[in-house]
Amino acid sequence: MKKAIIGKKVGMTQIFDETGKVIPVTVIEAGPCVVVQKKDLDKEGYASVQLGFEDAKEKQLTKPEKGHFEKAGVSAKKYLKEFRLESAGSMNVGDVVKADVFAEGDKVDVTGISRGKGYAGVIKRWGAQRTPTSHGGGPVHRHAGSMGSGTDPSRIFPGKIGAGHMGAEQVTVMNLDIVKVDPELNMIAVRGAIPGPKGGIVYVRNTAKHNRIKNTVVTVSTNPQKKSARG
């Protein structure tokens, strides 16, 4: 069954498993989230729920936003996100989704906004190679270089790598293991790193990957090994 929640990145730490092995984890403050809106197949053509996370001040909202929350009968929220869940039909406006919707061992995808790194050149941004630094190369060692022919097509195609703003993009890290869930503190610890700075908003949902267990077949030979003629 598909599950999802809105959370906030707390930071990274490490925990130890039963064998004493160190596991690097990222701690996420997951929820509590409230169902602000519900969509069904008859009216909208698909089933989903809109979750709200973190209380907001009414003076920070516009009139349409205030009316949206008043219609739902819930307190104002800073962040809203719509999720298409299989259990959307059984959920109602006002229901609360907490961290215990997930369990240890679940695999999830985490979506967030990566750290912004400002204006960057092609070497830092795209991993381009620098030009030789000897024999009169000039002060252009970290420039982009030739962009192509000037006669035909006489232009640069869209998507060409170049300098520009780096980071601050939506990034999804897939197939992460949930190592620990704390329902009282609404905390989830996932193995590895997730995008965004501390305090950044992230969306946690069941992984879209299909994880299959590989069955390893071991064949044992019953024939005795032949001794070497030299032995």
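Residues numbered from 1 in each chain as written. Predicted model: local features only at pLDDT ≥ 70, side-chain atom pairs only at ≥ 80, totals over all residues. Heavy atoms only, no water.

Section: the sheet that holds strand E3 (residues 33–39)
Taken in spatial order, the four strands make up an open sheet running E5-E4-E3-E6, and their pairing is antiparallel. Since the sheet does not close on itself, it has two edges, and those belong to strand E5 (77–83) and strand E6 (96–97), each with one partner. In this structure, E3 lies alongside E6, joined through two bridges in antiparallel fashion. In the sheet register, Cys33 faces E6, and the bridge partner there is Val97. Against the sheet, helix H1 (residues 63–72) contacts E3, strand E4 (48–55) and E5, and its axis sits at roughly 90° relative to E3. (Pairing = 2+ DSSP bridges. Helix = DSSP H or I, 4+ residues; strand = E, 2+ residues; numbered from the N terminus. Contact = heavy atoms within 4.5 Å. Axes fitted to C-alpha atoms, helices over the stretch in contact; angles between N-to-C directions.)

Thoughts on the pattern of salt bridges
Scanning the entire structure with this criterion turns up seven salt bridges. Between Lys107 and Asp177 there is a salt bridge, with the nearest N and O atoms lying 2.4 Å from each other. Of the two residues, Lys107 is situated in strand E7 (residues 107–113) and Asp177 in strand E10 (residues 170–182); the sequence distance between them amounts to 70 residues. On the basis of relative accessible area, Lys107 is assigned to the partly exposed category, the value being 28%. Overall, the relative accessible area of 23% leaves Asp177 in the partly exposed class. (Salt bridge = Lys/Arg side-chain N within 4 Å of Asp/Glu carboxyl O. Buried < 20%, exposed > 50% of the residue type's maximum accessible area, 1.4 Å probe, protein only.)

Examining the packing of aromatic side chains
Counted according to the given criterion, the structure contains one aromatic pair. Seen in terms of ring centroids, Phe83 and Tyr203 are 6.4 Å apart; in terms of plane orientation they differ by 65°. Their pairing is edge-to-face. Of this pair, Phe83 sits in strand E5 while Tyr203 is found in strand E12 (residues 201–206), placing the two residues 120 residues apart along the sequence. Tyr203 carries the same exposure label as Phe83, and that label is buried. The lysine or arginine in question, Lys81, covers the ring of Tyr203, its NZ or CZ lying 4.9 Å from the ring centre. (Phe/Tyr/Trp six-rings, centres within 6.5 Å; stacked < 30°, edge-to-face > 60°. Lys NZ or Arg CZ within 6 Å of the ring centre and 35° of its normal.)

Some words on the confidence of the model for the protein
Across the protein, pLDDT averages 85, with 90% of residues at or above 70. Per-element confidence in the protein ranges from a low mean pLDDT of 88 for E6 to a high of 94 for strand E8 (residues 116–120). (pLDDT = per-residue confidence, 0-100.)

A short note on the nonpolar core
Ile6, Leu51, Val108, Val190 and Val204 are the most contacted members of the largest nonpolar core, which totals 29 residues. Elements supplying a minimum of two residues to this core: strand E1 (4–16), strand E2 (22–30), E3, E4, E7, E10, strand E11 (187–191) and E12. For this core, the element with the most residues is E12, which contributes four residues. Of all hydrophobic cores here, the second largest spans eight residues; its members include Val34, Val36, Leu61 and Ala72. (Core = buried A, V, L, I, M, F, W, Y, C linked by side-chain atoms within 4.5 Å.)

Comments concerning the pairing of E2
Bridge count between E1 and E2: nine bridges; the pairing is antiparallel. Within E2, the residue paired with Phe16 across the bridge is Val22. The loop that links E1 with its antiparallel partner E2 comprises five residues; one of these, Gly20, has a positive phi angle of about 90°. Here five bridges tie E2 to E11, and the two strands are oriented antiparallel to one another. When the bridges of E11 are listed, Thr26 appears paired with Val190.

Considering the side chain of Asp109
For Asp109, the location among the structural elements is in strand E7. A polar side-chain atom of Asp109 sits 2.9 Å from a polar atom in the side chain of Thr207. Once you skip the residues sitting within four places of it in the chain, Asp109 turns out to touch Thr172, Val173, Met174, Asn175, Tyr203, Val204, Arg205, Asn206, Thr207 and Ala208. (Polar contact = N/O pair within 3.5 Å; in protein donor to acceptor, adjacent residues only side chain to side chain.)

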